[in-house]
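Listed below are the residues making up each chain.
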Amino acid sequence: MNGVHDMGGMHGLGPIVAEPDEPPFHHRWEARVHAMTLASPTRSNIDAGRHRRELIPGPDYLAMSYYEKWFRSLAELLLEAGLVTPQEMAEGEAAAGAPRAEPLLKAEAVATVLTRPGSYVRAAATRPAFRLGETVRCRNLNPTGHTRLPRYARGHAGEVVAWRGAQVFPDANASGLGEQPHHLYTVRFTARELWGEAADARDSVCLDLWEPYLEPA
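Reading guide: rules and limits
Residues numbered from 1 in each chain as written. Predicted model: local features only at pLDDT ≥ 70, side-chain atom pairs only at ≥ 80, totals over all residues. Heavy atoms only, no water. Core = buried A, V, L, I, M, F, W, Y, C linked by side-chain atoms within 4.5 Å. Buried < 20%, exposed > 50% of the residue type's maximum accessible area, 1.4 Å probe, protein only. Helix = DSSP H or I, 4+ residues; strand = E, 2+ residues; numbered from the N terminus. Contact = heavy atoms within 4.5 Å. Disulfide = S-S within 2.5 Å. Salt bridge = Lys/Arg side-chain N within 4 Å of Asp/Glu carboxyl O. Domains from an automatic or database assignment. Buried area = accessible area lost by both parts, 1.4 Å probe. Polar contact = N/O pair within 3.5 Å; in protein donor to acceptor, adjacent residues only side chain to side chain. Nonpolar A, V, L, I, M, F, W, Y, C, P; charged D, E, K, R; others polar. 1 Å grid on protein atoms, 1.4 Å probe; cavity = no way out; pocket = protein on both sides within 12 Å on 5 of 7 lines; lining within 4 Å. Points joined across faces, edges and corners; volume = space filled by probe spheres on them.

Undergrad: Quick question: what am I supposed to make of the nonpolar core here?
TA: The nonpolar side chains of a soluble globular protein tend to be buried with one another. Formed by 19 residues in total, the largest nonpolar core has its most connected members in Cys138, Val187, Phe189, Leu209, Tyr213 and Leu214. For this core, the secondary-structure elements that each account for two or more residues are strand 2 (135-138), strand 4 (182-190) and strand 5 (204-210). Ranked by residue count, the leading element in this core is strand 4, at four residues. Residue contacts for Cys138: discarding those within four places in its chain leaves Leu149, Ala153, Arg154, Gly155, His156, Phe189, Leu209, Tyr213 and Leu214.

Undergrad: I would appreciate a short explanation of the state of the cysteines in the present structure.
TA: What is meant by a disulfide is a covalent connection between two cysteines, made through their sulfur atoms. Tallied over the entire structure, the rule returns zero disulfides. This cysteine, Cys138, is not joined by any disulfide, and Cys206 carries the nearest cysteine sulfur, 12 Å off. Given the relative accessible area of 1%, Cys138 is considered buried.

Undergrad: What am I meant to see in the side chain of Asp47 here?
TA: Mapped onto the secondary structure, Asp47 falls in helix 2 (residues 46-54). Contacts of Asp47, omitting those with residues within four sequence positions, involve His146, Val168, Pro170, Asn173 and Ala174.

Undergrad: Can you help me understand the pattern of salt bridges in this one?
TA: Opposite charge on two side chains lets them pair, provided their charged atoms get close. Under the criterion given, the structure shown has 10 salt bridges. Taking the shortest distance from any N to any O, the salt bridge between Glu76 and Arg52 comes out at 3.7 Å. Of this pair, Glu76 sits in helix 4 (residues 66-80) while Arg52 is found in helix 2, placing the two residues 24 residues apart along the sequence. Looking at Arg52, the relative accessible area reads 15%, which means it is buried. Bridged by salt links that share partners, the residues Arg52, Asp60, Arg72, Glu76 and Glu80 form one connected network.

Undergrad: What's the story with the domain arrangement of the protein in this structure? I'm lost.
TA: The figure often quoted for interface size is the accessible area lost as the parts come together. Split into domains, the protein comes out as domain 1 (28-115) and domain 2 (135-216). Spacing between the C-alpha centres of domain 1 and domain 2 amounts to 29 Å. Domain 1 puts six residues into the contact, and the matching count from domain 2 is eight residues. Buried area between domain 1 and domain 2, summed over both chains or domains, comes out near 570 Å², and the portion from carbon and sulfur atoms is 42%. Between the two partners, domain 1 and domain 2, sit three residue pairs in polar contact (both at pLDDT 80 or more). Classifying every residue of the side of domain 1 that touches domain 2 by side-chain character gives one nonpolar, two polar and three charged.

Undergrad: So what exactly am I meant to see when it comes to empty space enclosed by the protein here?
TA: Evaluation of the coordinates by the stated rule reveals one cavity of 30 Å³ or more. Within this model, the largest cavity holds a volume of roughly 120 Å³. As for the largest cavity, its lining consists of Thr37, Thr42, Arg43, Asn45, Ile46, Gly49, Arg53, Trp70, Ser73, Leu74 and Leu77. Those elements giving two or more residues to the lining of the largest cavity turn out to be helix 2 and helix 4. Ranked by residue count, the leading element in the lining of the largest cavity is helix 4, at four residues. Looking at the lining of the largest cavity residue by residue, the class counts come to four nonpolar, five polar and two charged.

If you want it as structure tokens, here you go:
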């Protein structure tokens, strides 16, 4: 979707300042939000979680820190799934007599789950449509749902430099339509193709893009 979260190539948002030796969490509550998200029954679909954060209204989104967005999206997913009531959410405790749900991730399994390699590679139903070295163009799409196609790349051409196999298609998975795997490619774009002649001719950007985002150039 075209939302405030899609900031790539935008002006006026200030520089990205790297923090030397940045800790995983800056505050204890951030670690708790991370843990609650991983343990929540809503965690089964990472794409749906991302899309929920994209639905935060622009003014709120820009005012929030990273884990404030996580907390808000987790709260909304829990309410949407009927796992808590608005009253329970407001009071911070379960209603009297409410059934106790089992967490998706228990404490003794945390270390194993967080260090276990994962993969979104799936079996392919079709052969890849594009070859290494081929020039492709990003389709000019403006979906209302979740997408991993950056706005600044739409309509621009680049070179296929790698094929990553068939992988879970986020656009479908975020909407509850199943994994619908499609071939995934790494496409290299020159900076001048994306941002014009004023960009440095030596610079380029590589994006991992699913086949439905692309067309022959």
